Amino acid sequence: MAASGTALGIFITFEGGEGGGKSRQSRILTRHLRRRGIPVLLTHEPGGEPLAARLRRLLKGNSALTPEAELLLFAASRAQLTSRVIRPALAGGRVVVCDRYADSTLAYQGYGRGVDREAIRAANRVAMSGLTPDITVLLDVPEEVGLARKHTDDDRFIREPLPFHQRVRQGYLELSRLEPQRWLVVDALLPEKEVARAVWERVAPLLPRGDRP
Ligand code: TYD
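These figures come from a predicted structure and were not determined experimentally.

1. Focus: the sheet that holds strand E1 (residues 11-15)
No. 1: Strand order across the open sheet formed by five strands is E2-E3-E1-E4-E5, with parallel pairing between neighbours. A single partner strand is all that each edge strand has here, and the edge strands are strand E2 (40-44) and strand E5 (183-187). Recorded for the sheet is a direction-independent mean angle of 20° between the axes of neighbouring strands.
No. 2: The pairing of strand E4 (residues 135-140) with E5 spans five bridges and is parallel. Its bridge partner being in E5, Val137 is matched across the sheet by Leu184.

Here it is, written out as structure tokens:
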């Protein structure tokens, strides 16, 4: 885990099903931190690093992948991003905000596709090499609402049938119950500003006193 209790090396991830506003909320949090002069790196999964970006194209477009191959490619992408981007940024004292991380694989490949969750945890351990997010924000949204917010279906995950998305959502909720100290669950149906405020209230106590609101 990154060093909690100081502004340096805090690792924050955003998770959730489709259309919960993760990318938007990651950007809002990053902006709030930057405004306070806190060095922050915003990244995302899959991607965020040259080789991981190539894996992203493969993962998003290729429906011939088996669930197991999919799991291992997400893990490979994560290994690249973790060691080439996230760890150096944390070591350099930055706050890292990541739009999706290891819990996405448990939710999508585990609960969604039915791949053995212990195998996924093992793959994640290799990819994360001992790193754990300090805070994980779950933007929880009913799947029909989330999917309706998506204006594109050029992603084979979005095209999965509704029960897949229901399993993903229930999976995330179960994961959040298993580690309540790490997760912040926010109702993503709330107005954007209220979601952002809930996130900020959870993040602010980790910042040094001068940087708190
Ligand atoms: P992306 O365009 O980043 O979507 P989103 O805006 O929802 O984050 O596409 C990533 C897709 O990959 C998304 O549908 C979730 C899926 N995914 C997995 O299935 N497993 C994973 O480990 C990760 C990181 C993403």
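2. Some details on the site of the ligand
No. 1: Lining the immediate environment of the ligand, one finds 16 residues, of which Glu18, Lys60, Arg100, Thr105 and Gln109 sit closest.
No. 2: One of the side-chain nitrogen or oxygen atoms of Thr105 is found 2.6 Å away from an oxygen atom of the ligand.
No. 3: Within the side chain of Asp155, a nitrogen or oxygen atom sits 3.4 Å from an oxygen atom of the ligand.
No. 4: Its free accessible area being 540 Å², the ligand has 93% of it covered by the protein chains.
No. 5: Listed by contribution, the elements that provide at least two residues to the shell around the ligand are helix H2 (50-61), helix H3 (67-91) and helix H4 (102-112).

3. Things to note about the environment of Ala198
No. 1: Following the sequence through the fold, Ala198 ends up in helix H8 (residues 192-203).
No. 2: We classify Ala198 as partly exposed; its relative accessible area is 27%.
No. 3: Aside from chain neighbours lying at most four places away, what touches Ala198 is Leu184 and Val186.

Rules of the game
Residues numbered from 1 in each chain as written. Predicted model: local features only at pLDDT ≥ 70, side-chain atom pairs only at ≥ 80, totals over all residues. Heavy atoms only, no water. Pairing = 2+ DSSP bridges. Helix = DSSP H or I, 4+ residues; strand = E, 2+ residues; numbered from the N terminus. Axes fitted to C-alpha atoms, helices over the stretch in contact; angles between N-to-C directions. Near = heavy atom within 4 Å. Polar contact = N/O pair within 3.5 Å; in protein donor to acceptor, adjacent residues only side chain to side chain. Areas by Shrake-Rupley, 256 points an atom, 1.4 Å probe, with all protein chains shown as cover. Buried < 20%, exposed > 50% of the residue type's maximum accessible area, 1.4 Å probe, protein only. Contact = heavy atoms within 4.5 Å.

Remember, this is a structural readout, not a statement about activity or role.
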